[in-house]
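# Close look at the chain arrangement
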Amino acid sequence: MANPQKPTAVYTASELEQIDEDELLNRFRNGDIEAFNPLVLKYEKKIYNLIYHQIRDRETAKDISQEVFLKAFKALPNFKGGSAFYSWIYRIAINSSIDFQRQRNRSKVLTFEELPPDADEVLRMSASHPSPEKLLEEKELGKIIRKAVRKLPPGQRRVFNLRHRRELAIKEIAVLLNRSESTIKTHLHHAHRRLQDMLLPYLRNEPLE
C-alpha cells in the first residue's frame, strides 16, 4: 500500500493506484488540504476523458475538468463517504458536462425567441437530424425540437418540414401543396410562434411536458 503522506510530486502511476483514499480524505477533513493532491493526480485523466467524451472539445474539457476538481475541493468536507470517491466525483463531472451542454444548447434555442426574417438557416440547422460527429452534443436539443415539431398542427408541420428538412423554397412549397406563397408564409410564421411557446420552458430551465 502506498504511503498517503508521501510528497505528491514523487508518486508513480502504480503508487497512485494503491493510495489509501480513506486516509487522504480523513487528513483533508482534518485540515491537511495537500492530501487532496494525490486524489487529483489519480483521477484527473479519467475525469478529463469522461468530460471530453461528452463535450468533444479539448480546451473546454480541460476547463470543465478543473472546475470539477475545484467543486470537489470545496464540497469535500461534506462528503460522507457513502460511496467511493471516484463515484462521487464522477457524478460531479457528469452534472458539470450536462450543465455546460444545456447552456450551449440554450444559446441555440434562443434563436427561436425573435425569429428574424433570416432565421431560415438557423432553423434548418436546428430542426434537421444532427450529423454523426455532432450527435452527442446536440442530442438533447435535437430531441426537444423534434418533439415540439411533432406537436404542430398537421398543415404547419408539413410546411415546416418541407422548408427546414427538405430545404424547399417558399415558391416550391406553394406549388407542391397548391397553395399561395402568402399562405405558406403564414403557416411558417405560426409554426415558428408555436415552437417558440413550446420551447420557452426549456429556456427557463423548467420541465417540458
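As a reminder, the structure under discussion sits directly above these lines.
Here we summarise the structure given alongside this text.

## Re the packing of aromatic side chains
A ring pair, where both rings are aromatic, is described by two values, the distance of the centres and the angle of the planes. Applying the stated criterion across every chain, the model contains 10 aromatic pairs. Ring geometry for Tyr-48 versus Tyr-52: centroids 6.1 Å apart, planes at 15°, classification stacked. Residue Tyr-48 and its partner Tyr-52 are both found in helix H3 (residues 36–55); the two are separated by four residues, about one turn of the helix. For the ring pair Phe-79 and Trp-88, a centre distance of 4.7 Å and an interplane angle of 25° mean the geometry is stacked. Judged on exposure class, the residue Phe-79 and its partner Trp-88 are both buried. An aromatic cluster is present here, built from Tyr-43, Phe-79, Phe-85, Tyr-86, Trp-88 and Tyr-90 joined pairwise through their rings. Positioned over the ring face of Tyr-86 is Lys-46, at 5.4 Å from the centre of the ring. Of note, Arg-58 hangs over the ring of Tyr-52, and the distance from its end group to the ring centre comes to 4.9 Å.

## Examining the packing of helix H9 (residues 154–164) against helix H10 (residues 170–177)
As a packed pair, H9 and H10 sit with axes 10 Å apart at the nearest point and diverge in direction by 135°. Put simply, H9 runs oblique to H10. Pair H9 / H10 crosses with right-handed handedness. Facing H9, whose interface residues are Arg-158, Val-159, Leu-162 and Arg-163, H10 presents Ile-170, Ile-173, Leu-176 and Leu-177. For the contact of H9 with H10, the residue count by class is six nonpolar, no polar and two charged.

## Things to note about the pattern of salt bridges
Following the criterion strictly, the structure yields three salt bridges and no others. A salt bridge links Lys-42 to Glu-21, with the nearest nitrogen and oxygen atoms 2.8 Å apart. Residue Lys-42 is found in helix H3, and its partner Glu-21 is found in helix H2 (residues 21–29); the two are separated by 21 residues along the sequence. Accessibility classification places Lys-42 together with Glu-21 in one group, the buried group. Note that Arg-27 and Asp-32 form a salt bridge whose closest N and O atoms lie 2.7 Å from each other. What makes Arg-27 buried here is its relative accessible area of 16%. For Asp-32, a relative accessible area of 25% puts it in the partly exposed group.

## Observations regarding unusual backbone geometry
Excluding glycine, residues mostly have negative phi values, and the peptide bonds linking residues are mostly trans. Located in the positive-phi region is Arg-56, a residue other than glycine, with phi close to 65°. Looking at the secondary structure, you find Arg-56 in the loop between H3 and helix H4 (58–75). Backbone geometry places Asn-178, a non-glycine residue, at a positive phi of 60°. Its location among the elements puts Asn-178 in the loop between H10 and helix H11 (181–203).

What counts, and at which threshold
Residues numbered from 1 in each chain as written. Predicted model: local features only at pLDDT ≥ 70, side-chain atom pairs only at ≥ 80, totals over all residues. Heavy atoms only, no water. Phe/Tyr/Trp six-rings, centres within 6.5 Å; stacked < 30°, edge-to-face > 60°. Helix = DSSP H or I, 4+ residues; strand = E, 2+ residues; numbered from the N terminus. Buried < 20%, exposed > 50% of the residue type's maximum accessible area, 1.4 Å probe, protein only. Lys NZ or Arg CZ within 6 Å of the ring centre and 35° of its normal. Axes fitted to C-alpha atoms, helices over the stretch in contact; angles between N-to-C directions. Parallel < 35°, antiparallel > 145°, perpendicular 65-115°, else oblique. Left-handed = near helix turned anticlockwise from the far one by under 90°. Contact = heavy atoms within 4.5 Å. Nonpolar A, V, L, I, M, F, W, Y, C, P; charged D, E, K, R; others polar. Salt bridge = Lys/Arg side-chain N within 4 Å of Asp/Glu carboxyl O.

Everything listed is a geometric property; what it means functionally is a separate question.
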